[in-house]
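Chain and residue survey
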Amino acid sequence: MSYPWKHRVRMAIGAAAASLTLLGGAAYSPAGATEAGFKPDAPLAKLVPEKYREKGVLVIATQPDFEPANFTPIGESAIKGYNVDLMEAMAAKLGLPVQWDKVPFDQILIGMQSKKFDAAIAGMTDRKNRQEKVDFIDYQLAGSVFMIAKGNPKGITGAVNGGCGITIGDVKGSDAQRLVDLMAAACTAEGKEPTKLVSYPNSSDKNLALTSGRIDAMIWPDLAVSVLMRETGDVLDSLPIEFEPKVYLGMTFNKEESALRDGFVAALKAIHEDGTYDKILADWKVEVIKLEDYGVNLAKD
């Protein structure tokens, strides 16, 4: 995520910005470097529905505030991150360039259902209730931690009843409400003050709320702990959430666009097979998210 406050250090793109030759001769290149127009000689071009061939571009939504997944560095306008590189690598297999649409997280499902954009990739957790609205291609596993003040002055633990009476912050539209509800119920059952949730428009606001003491904790992906530690000047600690198993995160598609979705499944398979998937994860140092058994709507709850 990008945070316009406190000690911003740009993440080196390094090898991620280098061209990589893909299966069948299609070239993967970093965000903003793809030429416009459908390329019928791409390896998986035959899987692209006609209307997207005619359109000649894929409009992909994301909220660019989550380093290292999808973020806009200070002083720049382009969106970067491993989600960007993965999406553009898959789109290259299909022969289509990507046009990025910056969208608030809580508006992504709404925009997907109304076909405002063609797909989205923004670290969204696959849940059964969300599958009623959109289709997910699950491509990564994510674990969660509590980020707390250095030294844990509130005595928070990672147990479901380990945060009674605290206030947790997260981004509006995230999956945090479900976790906080579990914590609140456990605390109430013990006669203790329930856990509360405060929602913020974006991660920068959430992070500032924690470092300034307006909230006691926030939920954070395990893959990005080191980024946040660096960003905030070593004033936070992380604490594993013991009652939350790893979850599937997926890119999303309109449920009526199954052909486009299936084309991306094939493209995801291709970048697994030719090593691009592993290379992008390694370039961004997020190998912890690797998911070999990717697929459609894998979440069962």
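For the structure itself, consult the block above.
Scope of this entry: the structure provided in the associated data block. (Residues numbered from 1 in each chain as written. Predicted model: local features only at pLDDT ≥ 70, side-chain atom pairs only at ≥ 80, totals over all residues. Heavy atoms only, no water.)

Some remarks on the overall build of the protein chain
Within the protein chain, the secondary structure is distributed over 9 helices and 15 strands. Within the protein chain, contacts between residues separated by at least 24 positions form 76% of all contacts whose residues are at least 6 apart in sequence. Just so you have it, the protein chain exposes about 12400 Å², and 53% of that area is on carbon and sulfur atoms. (Helix = DSSP H or I, 4+ residues; strand = E, 2+ residues; numbered from the N terminus. Contact = heavy atoms within 4.5 Å. Areas by Shrake-Rupley, 256 points an atom, 1.4 Å probe, with all protein chains shown as cover.)

Here's the deal with the packing of aromatic side chains
Summed over all chains, the structure comprises 3 aromatic pairs. Ring geometry for Phe253 against Phe264: centres 5.3 Å apart, planes inclined by 50°, an arrangement best described as tilted. Taken together, the positions of Phe253 in strand S14 (residues 247–254) and Phe264 in helix H8 (residues 258–273) put the pair 11 residues apart, joining distant regions of the chain. As far as burial versus exposure is concerned, Phe253 and Phe264 are alike and both buried. (Phe/Tyr/Trp six-rings, centres within 6.5 Å; stacked < 30°, edge-to-face > 60°. Buried < 20%, exposed > 50% of the residue type's maximum accessible area, 1.4 Å probe, protein only.)

With respect to the side chain of Asn70
Mapped onto the secondary structure, Asn70 falls in strand S5 (residues 70–71). One polar contact links the side chain of Asn70 to the main-chain carbonyl oxygen of Gln63, over a distance of 3.0 Å. Dropping the residues within four chain positions of it, Asn70 is found in contact with Thr62, Gln63, Pro64, Asp65, Ile79, Lys80, Gly81, Asn83, Ile121 and Ala122. (Polar contact = N/O pair within 3.5 Å; in protein donor to acceptor, adjacent residues only side chain to side chain.)

Quick word on the side chain of Asn83
Considering the arrangement of structural elements, one finds Asn83 in helix H2 (residues 82–94). When sequence neighbours within four positions are dropped, the list of residues in contact with Asn83 reads Ala69, Asn70, Trp100, Ile121, Ala122, Gly123, Tyr139 and Gln140.

Section: the sheet that holds strand S10 (residues 167–171)
Here 5 strands make up an open sheet; going across it, the order is S11-S10-S12-S9-S13 and the pairing mixed. With one partner strand each, in any of the chains shown, strand S11 (196–200) and strand S13 (236–240) form the two edges of the open sheet. Between one strand axis and the next, the sheet turns through 35° on average, direction left out of account. In the packing of helix H5 (residues 176–189) onto the sheet, the strands contacted are strand S9 (144–149), S10, S11 and strand S12 (217–221), and the crossing angle to S11 comes to about 165°. Contacts from helix H6 (residues 203–211) reach S9, S10, S11, S12 and S13, with the element oriented near 135° to S12. (Pairing = 2+ DSSP bridges. Axes fitted to C-alpha atoms, helices over the stretch in contact; angles between N-to-C directions.)

Some details on the pattern of salt bridges
Across all of its chains, the model carries 28 salt bridges by this definition. Here Asp216 ties to Lys154 by a salt bridge, and the two come within 3.7 Å at their closest N and O atoms. Of this pair, Asp216 sits in the loop between H6 and S12 while Lys154 sits in the loop between S9 and S10; the two residues are 62 residues apart in sequence, bridging distant segments of the chain. For Asp216, a relative accessible area of 16% corresponds to the buried category. Taking relative accessible area as the criterion, Lys154 reaches 54% and is therefore assigned exposed. Glu190 is the partner of Lys192 in a salt bridge, and the nearest nitrogen-oxygen pair spans 3.2 Å. With relative accessibility at 39%, the residue Glu190 sits in the partly exposed group. (Salt bridge = Lys/Arg side-chain N within 4 Å of Asp/Glu carboxyl O.)

Quick notes on unusual backbone geometry
The step from Glu67 to Pro68 runs through a cis peptide bond, and the omega angle for that step is 15°. By secondary structure assignment, the location of Pro68 is in the loop between strand S4 (65–66) and S5. The backbone of Lys285 sits at a positive phi, close to 60°, despite the residue not being glycine. Its location among the elements puts Lys285 in the loop between helix H9 (276–283) and strand S15 (290–296). Positive phi, close to 50°, is recorded for Asn297, a residue that is not glycine.

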